[in-house]
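# Summary of the model geometry
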Amino acid sequence: MATLAGMSERSQPPVRPPWWLKPMNKVFIQMSKLGMNFGGESPVVLTVPGRKSGKPRSTPVTPMTLDGKQYVVAGFPGADWVKNVRAAGEVTLTRGRKSERVRLVELSAADARPVLRAFPTEVPTGVGFMKRSGLVEDGRPEEFEALAGRCAVFRFDT
């Protein structure tokens, strides 16, 4: 399997989400509302207005903490939630029954590299998803680091 790591988003065909992602996201959102964890990780529900409709759009994400700051990594290039965040800048994060408004700041490729390098250790459940998407082959930190500029990385500014 050829990896797409290291190539720009423009030079590659879009990575399509797997057919089962939307139905599973609905399940994960309901589980998250009940305060359940997935594989020991604590996901949150990110809700952002749709960039065209303005209607709230929700997706489960797993934040990671690095050097005392929280980040979220897009699971594949071109994700709709990423486009919506870029348009809105501010989102609502919900953990169980607690919600907060948060500003998300997208990192440059250079700033995203160390966050992506830490991703396989900090969010091990995300590694399998990215392998199945063809973004990485083995899940080594170097492969994730090479996704800088291809997969969006956001920092939470509360």
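As recorded by an unreviewed UniProt entry, the protein chain carries the name Deazaflavin-dependent nitroreductase and is attributed to Mycobacterium paragordonae.

### Points about the sheet that holds strand β1 (residues 44-49)
Strands sit in the order β2-β1-β5-β6-β7-β4-β3 across an open sheet of seven strands; the sheet is antiparallel. Lying at the two open borders of the sheet, with one neighbouring strand each, are β2 (56-61) and β3 (64-66). Adjacent strand axes in the sheet meet at a mean angle of 40°, parallel and antiparallel pairs treated alike. Pairing between strand β4 (residues 69-73) and strand β7 (residues 153-157): three bridges, direction antiparallel. Looking across to β7, one finds that Val72 is bridged to Phe154. Contacts from helix α2 (residues 80-88) reach β1, β2, β4, β5 (90-95), β6 (98-106) and β7 within the one sheet, and its direction differs from that of β1 by about 60°.

### A few points about the environment of Arg140
Tracing the backbone through its elements, the reader meets Arg140 in the loop between α4 (124-132) and α5 (141-145). With a relative accessible area of 39%, Arg140 lands in the partly exposed category. With 20 residues separating them in the primary sequence, Arg140 and Pro120 have C-alpha atoms 7.2 Å apart.

### Describing the environment of Val153
With respect to the element layout, Val153 can be found in strand β7. In this structure, the C-alpha to C-alpha distance between Val153 and Ala74, residues 79 residues apart in sequence, is 6.3 Å. Ignoring any residue separated from it by four or fewer positions in sequence, one finds Val153 in contact with Tyr71, Val72, Val73, Val105, Glu106, Leu107, Ala112, Val115 and Leu116.

### What about helix α3 (residues 109-122)?
In this model, α3 (14 residues) spans 19 Å end to end at C-alpha, consistent with the 20 Å of a helix rising 1.5 Å per residue. Those residues of α3 hidden inside the fold are in contact with β3, β4, α4, α5 and β7.

### A closer look at the side chain of Glu143
Note that Glu143 resides in helix α5. Despite being buried, Glu143 has no salt bridge partner; Arg140 is the closest side chain of opposite charge, sitting 4.1 Å away. Reaching out from Glu143, the side chain makes a polar contact with the backbone nitrogen of Glu137 at a distance of 2.7 Å. For Glu143, the side chain forms a polar contact with the main-chain nitrogen of Gly139, separated by 2.6 Å.

### Comments concerning the environment of Phe154
Inspection of the secondary structure puts Phe154 in strand β7. When the C-alpha atoms of Phe154 and Val82 are compared, they prove to be 9.2 Å apart, with 72 residues separating the residues in sequence. With residues near it in sequence (within four places) discarded, Phe154 still touches Gln70, Tyr71, Val72, Trp81, Val82, Val85, Arg86, Leu104, Val105 and Glu106.

### A short note on the pattern of salt bridges
The tally for this structure, following the rule as stated, stands at 10 salt bridges. Arg117 is the partner of Glu145 in a salt bridge, and the nearest nitrogen-oxygen pair spans 2.7 Å. Of this pair, Glu145 sits in helix α5 while Arg117 sits in helix α3, and the two are 28 residues apart along the sequence. Judged by its relative accessible area of 25%, Glu145 falls in the partly exposed class. A single network of salt bridges, built from pairs that share partners, joins Arg117, Asp138, Arg140, Glu142 and Glu145.

### Here we look at the pairing of β6
Both β5 and β6 contribute to a ladder of six bridges, which runs antiparallel. Paired with Glu90 across the strands is Arg103, a residue of β6. As paired elements, β6 and β7 share four bridges and run antiparallel to each other. Its bridge partner being in β7, Arg103 is matched across the sheet by Asp157.

Reading the values: the criteria
- Sequence positions are assigned chain by chain, starting from 1 and proceeding in written order.
- Local features in this predicted model are restricted to residues whose pLDDT is 70 or higher, and side-chain atom pairs enter the listing and the counts only when it is 80 or higher, whereas totals over whole chains, interfaces and linings include all residues.
- Side-chain descriptors were evaluated using all non-hydrogen atoms of the structure, hydrogens and water having been removed beforehand.
- Any two strands with at least two DSSP bridges between them are considered paired.
- Numbering of helices and strands runs from the N terminus; a helix is a DSSP stretch of H or I covering at least four residues, while a strand is a stretch of E covering at least two.
- Comment: axis = line fitted to C-alpha atoms, over the contacting stretch for helices; angle = value between 0 and 180 degrees taken between N-to-C directions.
- By the convention used here, residues are in contact when the closest approach between their heavy atoms is within 4.5 Å.
- Residue burial is assigned from relative accessible area. The probe radius is 1.4 Å, only protein chains are included, and a residue is buried under 20% of its type maximum, exposed over 50%, and partly exposed in between.
- For a helix, the expected span equals 1.5 Å multiplied by the number of residues minus one.
- His is not counted, nor are the chain ends, whereas Lys and Arg count as positive and Asp and Glu as negative.
- Only one rule defines a salt bridge in this text: a Lys or Arg side-chain nitrogen within 4 Å of an Asp or Glu carboxyl oxygen.
- Within 3.5 Å is the distance limit for a polar contact, defined as a pair of N or O atoms, with the added protein rule that one can donate a hydrogen and the other accept it, and that residues adjacent in sequence qualify only through two side-chain atoms.

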